[in-house]
Amino acid sequence: MKSHYPTYCAGAAPGLVHKLGGLPWGLPIAHWPVCKECGRAMSFLAQVPGQSADDNAPELPIPAGEVLFAFKCEWDSICSFWESDGGANAVFSLPRTALGDGPTAPPEHAEDGFPELIPELGVAHWRTDDDGAPAELEADFYDYGRHDDLPDEIAHPHDWATEWRTKFGGVPYWTANGAQGVPPGRLLLQIDNCVPMQEGGYSEVANFCSDGTAYIFIDNAQTPPGYSMLINR
Ligand SMILES: [Zn+2]
């Protein structure tokens, strides 16, 4: 299935661009999520516009005119940020009209200060490619047993090479643990713990259980759509 694979660069342009880390653009501070486990502000992970000024960027199936924001708890690595329903990560979208016109700094915790800032990475270019999954097998990628029964060249082609593990669209490129704990919906994007950089080499994104991958899903059976994030390794 058609997928869009980004290559990153250090730093991102201002505005509602695709990026990882840094500060979210225009997010009203009241929307900055607090971890339900530890009660402290989460770290900003990703900003994903549904439509982008960059013609090479994918158009995403989120409500028109909205921008997706993803956060996770990075405090002390003790909260269950890998769980899709644990309250230690957060994914939501907001209309552009609800957003401000500058970067939003995180709220400060009275005792512990500011949450960890995830290094800012912008998208240098996009590669569109087939992820190797025939469309008729899409549903199998959301079922642990059926995914496990797929031939290796369909379930995880390219031997888990980093270049294939951060992508938008298509089916989930699961880690070696397979399709475990999958929330409802379909994959919007996934972010590997290491992403390829424009100048060569890789950059570490955040704590995804050391070498895991973060998967972000959209559930269009709900109105408005529901979002969730799962981290697997
Ligand atoms: Zn926490």
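Look above for the structure.
Residues numbered from 1 in each chain as written. Predicted model: local features only at pLDDT ≥ 70, side-chain atom pairs only at ≥ 80, totals over all residues.

Participant: Can you tell me about the overall build of the chain, naming the residues and giving the values?
Facilitator: In terms of helices and strands, the chain carries two helices and twelve strands. Taken from the N to the C terminus, the helices and strands of the chain come in the order β-β-β-β-β-β-α-α-β-β-β-β-β-β. For the chain, the spread of C-alpha atoms along the three principal axes comes to 50 × 40 × 40 Å. (Helix = DSSP H or I, 4+ residues; strand = E, 2+ residues; numbered from the N terminus.)

Participant: Lay out the nonpolar core in plain terms, naming residues and giving numbers.
Facilitator: For soluble globular proteins, the rule of thumb is that nonpolar side chains tend to be buried together. Ranked by internal contacts, the top residues of the largest apolar core, which has 54 residues, are Leu45, Ala70 and Ile216. Every element with two or more residues in this core is listed here: β3 (43-49), β4 (66-72), β5 (89-95), β6 (121-130), β8 (186-192), β11 (213-219) and β12 (226-232). When neighbours within four sequence positions are excluded, Leu45 is seen to be in contact with Leu20, Gly21, Ala70, Phe71, Lys72, Ile118 and Ala206. (Core = buried A, V, L, I, M, F, W, Y, C linked by C-beta atoms within 7 Å. Buried ≥ 20, exposed ≤ 12 C-beta atoms within 10 Å, placed from the backbone. Contact = placed C-beta atoms within 7 Å.)

Participant: Tell me about unusual backbone geometry, residues and numbers included.
Facilitator: Following Thr223, the chain continues into Pro224 via a peptide bond in cis, with omega recorded as -10°. Of note, Pro224 is situated in the loop between β11 and β12. Phi at Trp160 is positive, roughly 60°, even though this residue is not glycine. Residue position: Trp160 is located in the loop between α2 (152-155) and β7 (167-168). Overall, the presence of 14 C-beta atoms within 10 Å leaves Trp160 in the partly exposed class. Phi at Ser210 is positive, roughly 65°, even though this residue is not glycine.

Participant: An account of the environment of Trp164 is requested, with residue identities and associated values reported.
Facilitator: Residue position: Trp164 is located in the loop between α2 and β7. Spatially, the C-alpha atom of Trp164 lies 10.0 Å from that of Gln190, the residues being 26 residues apart in sequence. With residues up to four places along the chain from it excluded, the contact list for Trp164 reads Tyr5, His158 and Tyr173.

Participant: Break down the environment of Ala221 for me, with residues and values.
Facilitator: With respect to the element layout, Ala221 can be found in the loop between β11 and β12. Once the C-alpha coordinates of Ala221 and Pro184 are considered, the two residues, 37 residues apart in sequence, prove to be 8.8 Å apart.

Participant: Provide a residue-level description of the environment of Leu99, including the pertinent values.
Facilitator: Along the chain, Leu99 falls in the loop between β5 and β6. Excluding residues that lie within four positions of it along the chain, Leu99 makes contacts with Gly26, Leu27, Val67 and Leu94.

Participant: How would you summarise the pairing of β8 if you had to cite specific residues and measurements?
Facilitator: For β8, the buried fraction is high: six of the seven residues fall into the buried class. Here six bridges tie β8 to β11, and the two strands are oriented antiparallel to one another. Residue Ile191 lies in a different strand from β11, and its bridge partner there is Ala214. (Pairing = 2+ DSSP bridges.)

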